[in-house]
Amino acid sequence: MSPRPRLAASPGQAPGPALPQLGGIVILAALPRDPKITPITRHDPRTFYATRVTRTQAGESWDLWAVEDGRRIGFLSVVDDGHVVYALASVKRGTSHEEVADLVEGFFTPSSTDAHNREIIISDYEQEPEMLESDIRQD
């Protein structure tokens, strides 16, 4: 006889929605949509989607991908200092700047930030930018 599904609760978690488990394995199908994926925008049909690369207390970095063929078409970096939301995007030429700005507005709605203004800078590129990495600390 297989084990009955049970609801999981984190230690110290108040009663409320819990994640279903089966034999100690969380059943992911019951989870809400991944918050790292692009929120719904006003653009229909969307020409790209975003996946979050990293998140810190003050900012986020996102890769932008073409819906049509899944190729990377740019990146978006956003910093929220509590007064202004600063967004810098670099996208492949032909990508809608309006759609990028709409994406930033969707990520940083008035209810999600204390900032009063948004500053959005969007640049275009022809060839994929080169990424340079270096060690900060040399031991």
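Computed from a predicted structure; not experimentally measured. (Residues numbered from 1 in each chain as written. Predicted model: local features only at pLDDT ≥ 70, side-chain atom pairs only at ≥ 80, totals over all residues. Heavy atoms only, no water.)

K.L.:
Got a minute to help me understand the pattern of salt bridges in this structure?
P.N.:
A pair can form between side chains of opposite charge whenever their charged atoms are brought close. Taken as a whole and assessed by the stated rule, the structure comprises six salt bridges. A salt bridge links Arg 55 to Glu 60; the nearest nitrogen and oxygen atoms lie 3.3 Å apart. Residue classification places Glu 60 among the buried positions, given a relative accessible area of 12%. Between Arg 72 and Asp 63 there is a salt bridge, with its nearest N and O atoms 3.1 Å apart. Its relative accessible area of 28% is what places Arg 72 among the partly exposed residues. One connected set of salt bridges, linked through shared partners, spans Arg 52, Arg 55 and Glu 60. (Salt bridge = Lys/Arg side-chain N within 4 Å of Asp/Glu carboxyl O. Buried < 20%, exposed > 50% of the residue type's maximum accessible area, 1.4 Å probe, protein only.)

K.L.:
Is there a simple way to think about the packing of aromatic side chains in this case?
P.N.:
Both the distance between ring centres and the angle between the ring planes are used here to describe each pair of aromatic rings. Summed over all chains, the structure comprises one aromatic pair. With centroids separated by 4.1 Å and ring planes inclined at 15°, the aromatic side chains of Trp 62 and Phe 107 adopt a geometry described as stacked. Here Phe 107 lies in helix α1 (residues 97-107) and Trp 62 lies in strand β5 (residues 59-66), a separation of 45 residues in the sequence. Side by side, Trp 62 and Phe 107 carry an identical accessibility label, which is buried. (Phe/Tyr/Trp six-rings, centres within 6.5 Å; stacked < 30°, edge-to-face > 60°. Helix = DSSP H or I, 4+ residues; strand = E, 2+ residues; numbered from the N terminus.)

K.L.:
Quick question: what am I supposed to make of the pairing of strand β8 (residues 117-125) here?
P.N.:
Look at any regular strand and the pattern is simple: side chains alternate between the two faces of the sheet. In the sheet, strand β7 (residues 84-92) pairs with β8 via nine bridges, with the strands oriented parallel. Residue pairing across strands places Val 91 opposite Asp 124, the latter belonging to β8. Tracing the backbone out of β7, into α1 and back to the parallel element β8 gives a crossover that is right-handed. (Pairing = 2+ DSSP bridges. Right-handed = clockwise from strand over helix to strand, strands pointing away.)

K.L.:
Could you clarify how one ought to interpret the environment of Glu 126 in this entry?
P.N.:
Within the element layout of this structure, Glu 126 appears in the segment after β8. Assessed through its relative accessible area of 55%, Glu 126 is described here as exposed. Sequence separation of Glu 126 and Gly 94 is 32 residues, and the distance between their C-alpha atoms is 9.4 Å. Excluding anything up to four places from it in sequence, Glu 126 contacts Lys 92 and Arg 93. Within the structure, Glu 126 has its side chain in polar contact with the side chain of Arg 93 (distance 2.3 Å). (Contact = heavy atoms within 4.5 Å. Polar contact = N/O pair within 3.5 Å; in protein donor to acceptor, adjacent residues only side chain to side chain.)

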